[in-house]
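Descriptive structure summary
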Amino acid sequence: IGATAGTGFAVDIETVPVGNPGNAGELSGSGAGGYGPDRVCGAVGYAYNIGKYEVTASQYAAFLNAVAQTDTYGLYNTDMAQTDLGSGISRSGSSGSYTYSVDAAFVNRPVNYVSWGDAARFANWLHNGQPAGLQTLSTTEDGAYYLNGATTDAQLVAVNREADWNWAITSEDEWYKAAYHKNDGVTGNYYDYPTSSDTFPGRDLNDVSGNNANYYGSPFPIDSPYYTTVAGEFQNSDGPYGTFDQGGNVSEWNEAVITPYLWRGQRGGALSFYSIYLHAWGRDGQYPSREYFSLGFRVVQAAEADSDGDGVPDSEDQCPNTVPNAPVDVNGCPDPAIPADFDNDGDVDNDDYDAFEACASAPAVLLTPGCEAKDQDGDEDVDQADFSIFQRCMSGENVPVDLHCAD
C-alpha cells in the first residue's frame, strides 16, 4: 500500500469513496455524553475519497526523501527512528543530503511523531503531484494549504484549506462521516464506533468476528514487540465506507480548530487510550506543532480529482498532466512526453518510440502504418490542422482546453 522502504518513489494512497452527499450530522461533544466542546459533526455536502488506511511510515519516508534532504521545516522527528513507540524511519547523512529509510517491520505501520503542520505539508506534496526538491511553494508550502513557512501554533491554527484542493488532511466532518455514518443514504444515522458497531470493540488480533481495534488494555502492547499494528490488521473491522483503523492505533489529525485553545482536532482514540475514546461522542485536540507517539493522520482526496482524464480518480491523478498508461518519469509520474502503448500491443517498449517517431514525421494526413487518422479538432475532416494537434498532444506541450488529444 505504499512505496518501497528507503526509496524516493511516488506513493500510492489507496482510497475508498464516501458518497451520500447531503447527509445529516449528529451532535458530538460533552452535550452528547462525551467530552470536548459541542458540535454537530458528519454532515458533508459532496462526495469524496478518503484514505483507506492511515498514512504509513513507508509513504511518509518517500515524502521525506523527495523534499527533506535539508528539512527546512522539521518534517522529521528523531523519535520516528524508534522501533517500539516510533515508526522505524531512520535518517542518514547531513543537512543538504539527508536520506531516509524504513525498518522492514514498519513499512505498513502508521507514521507517528508528526505535527499537524507535517501532515499539511504531506497533503500539499500530494496535491502538487509529489515533486522532488526543496521545501518551497511548489512542493510543501502551498497547494491545499498556504503555509509559506508556518510552524507556530498560532500560524498553523490560522491556515485554511484552499478551494481548489486535490488532496488534504481530513476535515472533522469528512473524518466523522467515514468513521461512523451508516452509509444508508442522506440520513443522520451513525454507529457509536468506527468498526460498524454500537458495541465497544474488542482487541482480538485474529479478528474472526470483527469489531476489534488497537487500544489500551491488558495485555499491552497488543502487537508485541510493537505498539502499532499494520494497516488493515483487523481485516473484518472496517468502517461503514471501508476504512480501517479509524479507531485506535494512532489518533488522527483533522482540520477542526478546537476553541478556546490553539488546538487542531484529533479523532479516533489511540493505542494509549481506553476503548471509550473510540466513541463518536468525543471531540479532542492538540497543539498543531505537537509531535507524539500516538498521533498520525490520514488524507482525503477530492472525488472529482481525475486530473489524467482516464475517468477514474486514482493514484495516477496525483501527477498532473499525465497520459494514462505512460511510462513514469524521474518523479514517478506518468510522463506525457513519453509515448504510451502507441502500437497497441499491450506494453510500452522501444517499438512504441519507433511508432511515435514515424507518426510524428508523417505527411498531412496520418497514412504511416500504425498511425490512425483522427478528427482532432472536431471540424468533421482530417487535415493538416489535426496532424498539428496530434504532434502537440504527443510531445507533452500544453494544448488549449478545447483540444482533447484523442488516442
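That block above? That's the structure.
Worth saying up front: this structure is predicted, and the values here are computed from it rather than measured.

1. Focus on the overall build of the protein
- A tally of helices and strands in the protein yields 6 helices and 12 strands.
- Across the 407 residues that make up the protein, the buried fraction comes to 49%.
- Carbon and sulfur atoms make up 50% of the accessible area of the protein, which amounts to about 16,500 Å² in all.

2. A look at the nonpolar core
- If you look at the biggest cluster of nonpolar residues, it comprises 56 residues, and the most contacted ones within it are Y60, I89, F122, Y145 and F297.
- Counting only elements with at least two residues in this core, the list comes to strand 1 (15-18), strand 4 (48-51), helix 1 (57-67), strand 6 (99-102), helix 2 (116-127), strand 7 (167-169) and strand 12 (299-302).
- Among the elements that take part in this core, helix 1 stands out by supplying 8 residues, more than any other.
- In contact with Y145, not counting residues within four places along its chain, are W116, A120, A123, N124, V159, N160, R161, E162, A168, I169 and E255.
- Residues C41, Y176, Y180 and A280 belong to the second largest nonpolar core, which totals 7 residues.

3. Looking at the side chain of Q246
- Positionally, Q246 belongs in the loop between helix 4 (172-180) and strand 8 (251-258).
- Reaching out from Q246, the side chain makes a polar contact with the backbone oxygen of W175 at a distance of 3.2 Å.
- Aside from chain neighbours lying at most four places away, what touches Q246 is W175, A178, A179, P194, E252, G268 and R298.

4. Brief notes about the side chain of T195
- Relative to the elements of secondary structure, T195 occurs in the loop between helix 4 and strand 8.
- A polar contact of 2.5 Å, which involves the side chain of T195, links it to the side chain of N211.
- Once you skip the residues sitting within four places of it in the chain, T195 turns out to touch P201, N211, N212, S237 and D238.

5. Points about the sheet that holds strand 8
- Strand order in this open sheet of 4 strands is 10-9-8-11, and the pairing throughout is mixed. The sheet is open, and its two edges are formed by strand 10 (284-286) and strand 11 (295-296), each paired on a single side.
- Strand direction decides the pairing type here: strand 8 and strand 9 (residues 263-267), joined by 4 bridges, are antiparallel. Of the residues in strand 9, the one forming a bridge with V257 is R264.
- Of the strands in this sheet, strand 8 and strand 9 touch helix 4, which is tilted by about 135° from strand 8.

6. Details of the packing of aromatic side chains
- Under the definition given, this model contains 21 aromatic pairs.
- With centroids separated by 5.7 Å and ring planes inclined at 20°, the aromatic side chains of Y53 and F244 adopt a geometry described as stacked. Of this pair, Y53 sits in the loop between strand 4 and helix 1 while F244 sits in the loop between helix 4 and strand 8, placing them 191 residues apart in sequence. Per residue, the accessibility class of Y53 equals that of F244, and both read buried.
- Look at F106 and Y226: their rings are 5.3 Å apart centre to centre, the planes differ by 85°, and that puts the pair in the edge-to-face class. Here F106, found in the loop between strand 6 and helix 2, pairs with Y226, found in the loop between helix 4 and strand 8; they are 120 residues apart in sequence, far enough to count as distant.
- On the accessibility criterion, F106 (0% relative accessible area) is buried.
- Counting every residue linked through ring pairs, the aromatic cluster contains Y60, F63, F122, W125 and F297.
- Lying across the ring of F106, R109 places its NZ or CZ 5.7 Å from the centre.
- The side chain of R290 reaches across the aromatic face of Y292, ending 4.7 Å from its centre.

7. Observations concerning the pairing of strand 6
- The side-chain alternation of strand 6 yields one buried face, formed by Y100 and V102, and one unburied face, formed by T99 and S101.
- Two elements, strand 5 (residues 89-92) and strand 6, share 4 bridges in a ladder whose sense is antiparallel. Across the sheet, the residue bridging to R91 is Y100, located in strand 6.
- Taking the residues that link successive antiparallel strands as the turn, the strand 5-strand 6 hairpin has 6 residues, and the phi of G93 there is positive, at about 90°.

8. Section: helix 1
- Counting buried residues along helix 1, 11 of its 11 residues qualify, which places the element largely inside the surrounding structure.
- Taken residue by residue, helix 1 has A57, S58, Q59, Y60, A61, A62, F63, L64, N65, A66 and V67 as its buried positions.
- Where helix 1 is buried, its residues touch strand 5, strand 6 and helix 2.

9. A look at the sheet that holds strand 1
- Taken together, the 4 strands give an open sheet; going across it, the order is 1-4-12-7, and neighbouring strands pair in antiparallel fashion. One side of each edge strand has no neighbouring strand; the edge strands of this open sheet are strand 1 and strand 7. Pairs of neighbouring strands in the sheet enclose a mean axial angle of 30°, with direction left out of account.
- Contacts between helix 2 and the sheet are confined to strand 7 and strand 12, with strand 7 contributing the most and set at about 170° to the helix.
- Docked against the sheet, helix 4 engages strand 1, strand 4, strand 7 and strand 12, running at close to 80° with respect to strand 4.

Quick notes on the rules
- Every chain is numbered independently, its residues counted from 1 as its sequence is written.
- Where totals are concerned, whole chains, interfaces and linings use all residues; where local detail is concerned, this predicted model gives features only for residues with pLDDT of at least 70, and gives and counts side-chain atom pairs only at 80 or more.
- Calculated side-chain values reflect all of the structure's heavy atoms, with hydrogen atoms and water omitted.
- In this description a helix means any DSSP run of H or I spanning at least four residues, a strand means any run of E spanning at least two, and both kinds are numbered starting from the N terminus.
- Exposed residues in this analysis have more than 50% of their type's maximum accessible area, buried residues have under 20%, and partly exposed residues fall in between, with area computed by a 1.4 Å probe over protein chains only.
- The accessible surface values rely on the Shrake-Rupley method and a 1.4 Å probe; as for residues, cover is taken only from the protein chains in view.
- For the purposes of this section, nonpolar cores are sets of buried Ala, Val, Leu, Ile, Met, Phe, Trp, Tyr and Cys residues that join through side-chain atoms within 4.5 Å.
- Working rule for contacts: check all heavy atoms of both residues, and any pair within 4.5 Å makes them a contact.
- We call two N or O atoms a polar contact when they sit within 3.5 Å, provided that within protein one can donate a hydrogen and the other can accept it, with sequence-adjacent residues counted only if both atoms are side-chain atoms.
- Following DSSP output, two strands are said to pair if at least two bridges run between them.
- For helices, the axis comes from a line fit to the C-alpha atoms of the stretch in contact; other axes are also lines fit to C-alpha atoms, and the angle between any two N-to-C directions lies between 0 and 180 degrees.
- Only the six-membered ring of Trp is used, alongside the rings of Phe and Tyr, when aromatic pairs are assigned; centres must lie within 6.5 Å, and planes under 30 degrees apart are stacked while those over 60 apart are edge-to-face, with the rest tilted.
- We count a charge as sitting over a ring when the NZ of a lysine or the CZ of an arginine lies within 6 Å of the ring centre and within 35 degrees of the ring normal.

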